Amino acid sequence: MPINFDLEEIRKKHDCTFFFETGLYHGSGSKTALTCNFTKNFCIELRKDLVENGKNMFKNEIENGRYTIYLDDSSNLHKYISNKNFKENKTIFFLDAHVDNQNISNYKQKCPLFDELEAIRLTERTDNIILIDDLRILKNNFPWGEKGYGNIDFISSIKNKILSINKNYKFDTLNGHVENDVLLAYI
């Protein structure tokens, strides 16, 4: 979904060098990130057609090494961030991957947030900035039809998972598709 807040201001305030988005869709998040002063931008997307569109859309940025896009389920995020680059570079993670299209079947979970947060925890860096999109949907039981976690309070469970990364995380909301639709977790 669109980023309707000042991403560059957040980047500067928290001294982040990398941006990693889960879920490309039409590329608006990546487009916004590429206007900011991140040294590297990454995205992981499940749908091959969207990855191919992203490769065309961001061809120059890919060629100059500023943008990398992965075709994979974001439940596998750990494969892409478990290296020293992510331990050494503070990253803004924009978590926006979910399956709401019934024609997609190659996913582990419709809402892979807990796998994504576990991957971030395993980077050993405990001060990354975490943005979680679509709070309006996550407030509902079984967002996007995700039943794999049982009938849980997603927002509280997400915050508890983030606090397991670092108990000093603070939370705020930012505007996204609607007002206060993005959770901001920061130190």
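My aim in this report is to walk through the structure given alongside it, one point at a time. (Residues numbered from 1 in each chain as written. Predicted model: local features only at pLDDT ≥ 70, side-chain atom pairs only at ≥ 80, totals over all residues. Heavy atoms only, no water.)

Oppositely charged side chains may form a pair once their charged atoms are brought near each other. Within the structure shown, the criterion is met by 11 salt bridges. The partner of R136 in a salt bridge is D181, with the nearest N and O atoms 2.4 Å apart. You can see R136 sitting in helix α8 (residues 135-138) and its partner D181 sitting in the loop between β6 (170-174) and β7 (182-186), a full 45 residues away along the chain. Connected via shared salt-bridge partners are E118, R121 and K161. (Salt bridge = Lys/Arg side-chain N within 4 Å of Asp/Glu carboxyl O. Helix = DSSP H or I, 4+ residues; strand = E, 2+ residues; numbered from the N terminus.)

Turning our eyes to something else, we now look at unusual backbone geometry. Within the chain, Y25 stands out as a residue other than glycine whose phi angle is a positive 50°. Checked against the element boundaries, Y25 lands in the loop between β1 (18-22) and α2 (28-34). One non-glycine residue with positive phi stands out, namely E124, at about 75°. The class for E124 is exposed, based on a relative accessible area of 56%. (Buried < 20%, exposed > 50% of the residue type's maximum accessible area, 1.4 Å probe, protein only.)

This part takes up the packing of aromatic side chains. Evaluated as defined, the whole model comprises 13 aromatic pairs. Between F19 and F94, the aromatic rings sit 6.5 Å apart at their centres with planes inclined by 25°, giving stacked as the arrangement. In this pair, F19 is assigned in strand β1 and F94 in strand β4 (residues 91-95), connecting sequence segments 75 residues apart. Taking 5.8 Å as the distance between ring centres and 50° as the angle between the ring planes, the aromatic pair formed by F114 and F154 counts as tilted. Here F114, found in helix α7 (residues 113-121), pairs with F154, found in helix α9 (residues 154-165); they are 40 residues apart in sequence, far enough to count as distant. Residue F114 shares its accessibility class with F154, and that shared class is buried. Members of the aromatic cluster, joined through ring pairs, are F18, F20, F42, Y70, Y80, F86 and F93. K159 extends its terminal NZ or CZ atom over the ring of F171, reaching a point 5.4 Å from the ring centre. (Phe/Tyr/Trp six-rings, centres within 6.5 Å; stacked < 30°, edge-to-face > 60°. Lys NZ or Arg CZ within 6 Å of the ring centre and 35° of its normal.)

Below, the discussion takes up the sheet that holds β1. Taken in spatial order, the 7 strands of this open sheet run β3-β2-β1-β4-β5-β7-β6, and their pairing is mixed. Edge positions in the open sheet fall to β3 (67-71) and β6, since each of these has one partner strand only. Going across the sheet, the axis of each strand differs from the next one's by a mean of 15°, ignoring polarity. For β1 and strand β2 (residues 40-45), the ladder comprises 5 bridges, and the chain directions are parallel. (Pairing = 2+ DSSP bridges. Axes fitted to C-alpha atoms, helices over the stretch in contact; angles between N-to-C directions.)

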